[in-house]
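Take a look at the letters that make up each chain.
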Amino acid sequence: MENLQQELKSMLYLSGRMNRRSYFMNLLMIFGIGYIGGLCISLAYVSKFFWLLGWLIIGYSVVRELAIASRRIHDLNGPTYLAIFYITAAIIALFVPMLAKIMLLVKVGLTLMPGNKEVNDYGERPASMIVV
């Protein structure tokens, strides 16, 4: 049980750095998890349990995306508060289609921009492997 708690904590850390491949793979995973959350919400007519489960899953996805955005922005030597702006804009983009298009470009930009090759304010250069 302690191992599971440690894994969950490490998945939600805001500190550290994340390389481009890890960011992209984590984004894909978050999209899949969010889709499952939306599917659960759509089953609310069957039971309130599915509605609650769906919102819990989506809440986890939002927090997870904040964590990976923060680490990716740190790899570019950007401050953590940019990740807060990023996630706030992503939530607002659910209701504003034009902002959703801009956020898609931001996510593509974060995926394509290379991080600092050297040590920066947020730690060592991340390993060149995919970390989920």
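Our subject is the structure that appears above.
Every chain is numbered independently, its residues counted from 1 as its sequence is written. For a predicted model such as this one, the threshold for reporting local features is a pLDDT of at least 70, and the threshold for listing and counting side-chain atom pairs is 80 or more; totals across whole chains, interfaces and linings nevertheless cover every residue. Where side-chain values are given, they derive from all heavy atoms of the structure, hydrogens and water being excluded.

Colleague: Can you walk me through the overall build of the protein chain in this structure?
Modeller: Assigned secondary structure in the protein chain consists of five helices and zero strands. Reported as C-alpha extents along the three principal axes, the dimensions of the protein chain are approximately 55 × 45 × 25 Å. Looking at the protein chain as a whole, 30% of its 132 residues qualify as buried. What makes two residues a contact is simply this: any of their non-hydrogen atoms within 4.5 Å. Considering only residue pairs separated by 6 or more positions, the protein chain has 72% of its internal contacts joining residues 24 or more positions apart. Of the roughly 8,600 Å² of accessible surface on the protein chain, a fraction of 72% belongs to carbon and sulfur atoms. One way to put it: in the protein chain the 12 positive side-chain charges average out to a point 10 Å from where the 7 negative ones average out. Only runs of H or I of at least four residues qualify as helices and only runs of E of at least two qualify as strands under DSSP, and these elements are numbered from the N terminus. Only protein chains enter the calculation, and the probe is 1.4 Å; a residue is then buried if its accessible area is under 20% of its type maximum, exposed if over 50%, and partly exposed in between. Note on areas: Shrake-Rupley with a 1.4 Å probe; residue coverage comes only from the protein chains shown. Charged-residue counts in this description rest on Lys and Arg as positive and Asp and Glu as negative, His and the chain ends being excluded. Charged side chains are reduced to one point each, which is NZ for Lys, CZ for Arg, CG for Asp and CD for Glu.

Colleague: Whenever I open this one, unusual backbone geometry confuses me. Can you help?
Modeller: Excluding glycine, a negative phi dihedral is what most residues carry, and trans is how most peptide bonds are arranged. With a phi angle near 65°, Asn77 is a residue other than glycine that sits in the positive phi range. Structurally, Asn77 is set in the loop between α3 (48-75) and α4 (81-92).

Colleague: I would appreciate a short explanation of a nonpolar patch on the surface in the present structure.
Modeller: Any residue with relative accessible area above 30% and no salt bridge may belong to a patch, with like charges joined within 9 Å and the nonpolar Val, Leu, Ile, Met, Phe, Trp and Tyr side chains within 5 Å. Salt bridge, as used here: a side-chain nitrogen of Lys or Arg that lies within 4 Å of a carboxyl oxygen of Asp or Glu. There is a patch of nonpolar side chains on the surface, built from Ile91, Ile92, Leu94, Phe95, Val96, Met98, Ile102 and Val106 and spanning about 780 Å² of accessible area. When residues of the nonpolar patch are traced back to their parent elements, those giving at least two are α4 and α5 (97-112). Ranked by residue count, the leading element in the nonpolar patch is α5, at three residues. By the element assignment, Val106 lies in helix α5.

Colleague: What am I meant to see in the layout of surface pockets here?
Modeller: Think of a ball as big as a water molecule: rolled over the atoms, this probe shows where empty space is left. There is about 500 Å³ of room inside the largest pocket. For cavity detection a 1 Å grid was placed over the protein atoms alone, and a set of points counts as a cavity when a 1.4 Å probe fits there but cannot get out; an open set counts as a pocket when protein lies on both sides within 12 Å along at least five of seven lines, with lining residues being those that have an atom within 4 Å of a point. Around the largest pocket, the lining is made up of 17 residues, and of these Phe31, Glu65, Ala90, Leu94 and Lys107 lie nearest the centre. Broken down by secondary-structure element, the contributors of at least two residues to the lining of the largest pocket are α2 (20-42), α3, α4 and α5. Broken down by element, the lining of the largest pocket gets its largest block of residues, five residues, from α3. Grid points are joined across faces, edges and corners, and a volume is the space filled by probe spheres set on the points. When its volume is computed, the second largest pocket comes out at roughly 240 Å³. Lining the second largest pocket are 13 residues, with Asn19, Arg20, Asp75, Gly115 and Arg125 sitting closest to its centre. Elements with a contribution of two residues or more to the lining of the second largest pocket: α2 and α3. Under the convention adopted here, Pro, Cys and the residues Ala, Val, Leu, Ile, Met, Phe, Trp and Tyr are nonpolar, Asp, Glu, Lys and Arg are charged, and Gly plus all remaining residues are polar. Residue composition of the lining of the second largest pocket, grouped by class: three nonpolar, four polar and six charged.

Colleague: Help me understand the packing of α2 against α3 in this model?
Modeller: Geometry of a packed helix pair, given as the angle between the helix axes and the separation of the axes. In this analysis an axis means a line fitted to C-alpha atoms, helices contributing only their contacting stretch, and an angle means the value between N-to-C directions, from 0 to 180 degrees. Viewed as axis vectors pointing N to C, α2 and α3 meet at an angle of 165°, and their least axial separation amounts to 8 Å. When the interaxial angle is binned, α2 and α3 end up roughly antiparallel. The interaxial crossing formed by α2 with α3 has left-handed handedness. Looking at side-chain class alone, the contact of α2 with α3 contains 17 nonpolar, six polar and four charged residues. Roughly parallel means an angle under 35 degrees; roughly antiparallel, over 145; roughly perpendicular, 65 to 115; everything else is oblique. For any helix crossing, the convention is left-handed if the near helix is rotated counterclockwise from the far helix by under a right angle, and right-handed if that rotation is clockwise.

Honestly, it's all geometry; don't read function into it.
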